[in-house]
Structure formats: structure tokens, C-alpha cells
Amino acid sequence: MRYAYLGPEGTFTEAALRALKPDAPDSDRIPYPGVDSVFAAVRRGDVDGGTVPLENSVEGSVTATIAELINGDPLLIAAEVALPVEFTLFARAGSAIADVKRVATHPHALAQCRGWLARHLPDAEVFTVSSTAAAAQSASEPGSPYDAAICARIAGERYGLAPLAQGVGDRDDAATRFVHLMRPQPLPAPTDADRTSLVAFISDDHPGALVELLNQFAMRGVNLTRLESRPTGDGLGRYCFCLDADGHIADPAVGEALMGLRRLCQDVRFLGSYPRAEAETELTPFMPTRGTTSADFYEAQEWLARIRAGRVA
Ligand SMILES: O=C(O)C(=O)C[C@]1(C(=O)O)C=C[C@@H](O)C=C1
């Protein structure tokens, strides 16, 4: 098996792929220079799967990943993992913080380290590159335009840099969610703690269009864990909705909610049902959820089948 990831070696995404595929030998992990090239490699069939960052607890969605999930040949999310992200400022050996005038990092990492940079390197110029490991790699090269990189400890060490300051993130509980993509194939079996991802394209703009979509989940007791509107690219004001819901498409409540969306929407792109990375959250239902267990759905389906078959009981 061969797996693509956002490279070069030492990215948080590589750590995510290692967590997802702990038994894969090093030669099976293939770094790609961008999120788009990971998607392209999976779509072409050059690799069996690919890992990319999806969202961060501080900075939110990785737009390059969302755009690729919405557009192009559909891929399936087969697995996810959430990892804590801790940032370190690294420079070439012998440098001191006072020497740092130009810092490189990934845009999401910059967003998570702004406070620290403002306090400790207020005059430094910050440059964004394709990943935190690419920043470390570049900063390590002789004649590099950068004096330092903000990256994972493993990346700084991988490229022979020396740590100048550890824990430079503004939140020490920051975490990033990564997803593993595959070409369309049979779904992983339900586990009782799954997530379903999809994109809904509404057919016409009208009052309550989003509420209608959300009701499909609420009335069936399905909890949503992410909702994001993204432009479709077809003009100003044209948006689609990216949704994550608790549960598996094999669960009757989730399946029926998706059928409801299918009836309401111009298009629904199913992005996968896969085991959730984090444990089930304790939920306070905001609506009565009576009659929304899987057993309730099955009982009602059987009742309808009996009636349709001419048995009135
Ligand atoms: O640059 C990396 O190391 C990545 O894996 C990308 C990425 C991201 O896109 O959010 C992953 C986690 C961190 O939040 C910062 C950067």
C-alpha cells in the first residue's frame, strides 16, 4: 500500500498518517508538496490513500482541503484522526532569538502563533509556505531567505535545526483534525461512534432554505458537529453547505436525513461515513428525540412494509 500526505517529511500531517496507519513501513508514506497534489495522486490512482488536514480547533477549516472535497472527482473520507498541535521556533544552530528577522511557517500555524510572535518577535517579518515542515526545510538551507521556522519539534530535528523557543502556540490545547481519503469504495462498517460528512447544494435561494436542511437532521435526532458554507464558485451569493453529522449512513436516522436532503437539494455529495476520532459527546437534546432510536426507525419501516403488503396490523 502507498499513502500520500502533505509533505515534506516532518509535517503534522505525516504524524497523522503515522497514527492512522501505524504498521505502514516508511517507504509506504509518500510526501506531496500540497493538499491539491495529495488529492490528485489519490484520484489518479498513484497511491491507495492520502492524508490531509481538514480543520483546526483555533483557525478553523483548511480551505484547500474543503475546496478539493467539494470539487473534482468525488473521494471518500475513510478515516479521521485528531492530534494535538504544538509549535516550536527553530533556527540554524548558533542563532539567538535576537537574530530572527524573517520567520517562515504554514498559514494555519501562523494564525495559532500570532500572539507569541507579537510579544516576542514584534519586528520580525513572517512568511507563509506550503507546510510547517517546508518552512523548516527551507530555513535549514544555506543562504535561506528565512532565519527561523515555526514547526513541529520533529520537523526542526529532521532538518537539523536548533530549538529557540518551545510552545509558541497561543493555545496549548490546539488540535487539528486530519482525514484519510480514498477513491470511492465500500464504506467502513458502522462502529456505534461514527461520523458522516457531506456537501449540500441547495436548488434555489429562498427564505428558510438552510433551516429546511437542518430540520432533516434535527427532526430525526441526528447531531451535527460541523456546518460551513462555502462558495460554489458560480457567482456571489452562491453557497453550498458542508456538514458533519454524528452517525453512519447505515443508521436509519442518518440514511433518512440524507434522503430528505436529496429530495430538497439540487445535489448532495456524500463524503463518507467513518469512525469518529473523539469519543461521543454528552448531548443535551434541544428537541424532543422521542422515536428517533434505530429501533424506532426499523419498527416504523416494518410497520409500513406490513401495511403496503396488505396486512393492516
Ligand atoms: O504544515 C503542517 O505541518 C501541516 O500538517 C498542515 C497544518 C494545517 O494545515 O493546519 C496542520 C496542522 C497545524 O495546524 C498547522 C499546519
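What counts as what
Residues numbered from 1 in each chain as written. Predicted model: local features only at pLDDT ≥ 70, side-chain atom pairs only at ≥ 80, totals over all residues. Heavy atoms only, no water. UniProt positions renumbered as here; feature names shortened; annotations may be inferred. Helix = DSSP H or I, 4+ residues; strand = E, 2+ residues; numbered from the N terminus. Pairing = 2+ DSSP bridges. Axes fitted to C-alpha atoms, helices over the stretch in contact; angles between N-to-C directions. Contact = heavy atoms within 4.5 Å. Near = heavy atom within 4 Å. Polar contact = N/O pair within 3.5 Å; in protein donor to acceptor, adjacent residues only side chain to side chain. Nonpolar A, V, L, I, M, F, W, Y, C, P; charged D, E, K, R; others polar. Domains from an automatic or database assignment.

Enquirer: How should the UniProt feature "domain: Prephenate dehydratase" (unreviewed entry) in the protein be read in this particular structure?
Expert: In this numbering, the UniProt entry assigns the feature "domain: Prephenate dehydratase" (unreviewed entry) to residues 2–183. Here residues 2–183 runs as 31% helix and 31% strand, with 13 Å between its end C-alpha atoms.

Enquirer: Where do I start with the sheet that holds strand E8 (residues 125–128) in this structure?
Expert: What links the strands of a sheet is backbone hydrogen bonding, and the strands pair in either a parallel or an antiparallel sense. Read across the open sheet, the 5 strands follow the order E8-E7-E9-E6-E10; overall the sheet is mixed. The open sheet has two edge strands with one neighbour each: E8 and strand E10 (162–166). Between one strand axis and the next, the sheet turns by 30 degrees as a mean value, whatever way the strands run. In terms of strand pairing, strand E7 (residues 102–105) meets E8 through 4 bridges, oriented parallel. Paired with Thr105 across the bridge in E8 is Thr128. Seen against the sheet, helix H5 (residues 132–140) touches E7 and strand E9 (148–151) and runs at an angle of roughly 155 degrees to E9.

Enquirer: When you look at the site of the ligand in this model, what are you seeing that I'm missing?
Expert: Surveying the vicinity of the ligand reveals 14 residues, the closest of which are Phe12, Thr13, Gln112, Thr132 and Thr176. For the ligand, an oxygen atom lies 2.9 Å from a polar atom in the backbone of Phe12. The side chain of Thr132 places a nitrogen or oxygen atom 2.5 Å from an oxygen atom of the ligand. Put simply, the parts of the chain that give the shell around the ligand at least two residues each are helix H1 (12–20), strand E3 (49–56) and helix H4 (107–120). Across the shell around the ligand, the residue classes tally to 5 nonpolar, 9 polar and no charged. Each of domain 1 (1–84 + 173–185) and domain 2 (87–166) gives at least three residues to the shell around the ligand.

Enquirer: I tried to follow unusual backbone geometry on my own but got confused; where do I start?
Expert: Both trends apply: most residues other than glycine have a negative phi, and most peptide bonds are in trans. Pro8 follows Gly7 through a cis peptide bond whose omega is 0 degrees. As for its position among the elements, Pro8 is in the loop between strand E1 (3–6) and H1. One non-glycine residue, Asp192, lies in the positive phi region at around 90 degrees. Inspection of the secondary structure puts Asp192 in the loop between strand E11 (175–182) and strand E12 (194–202).

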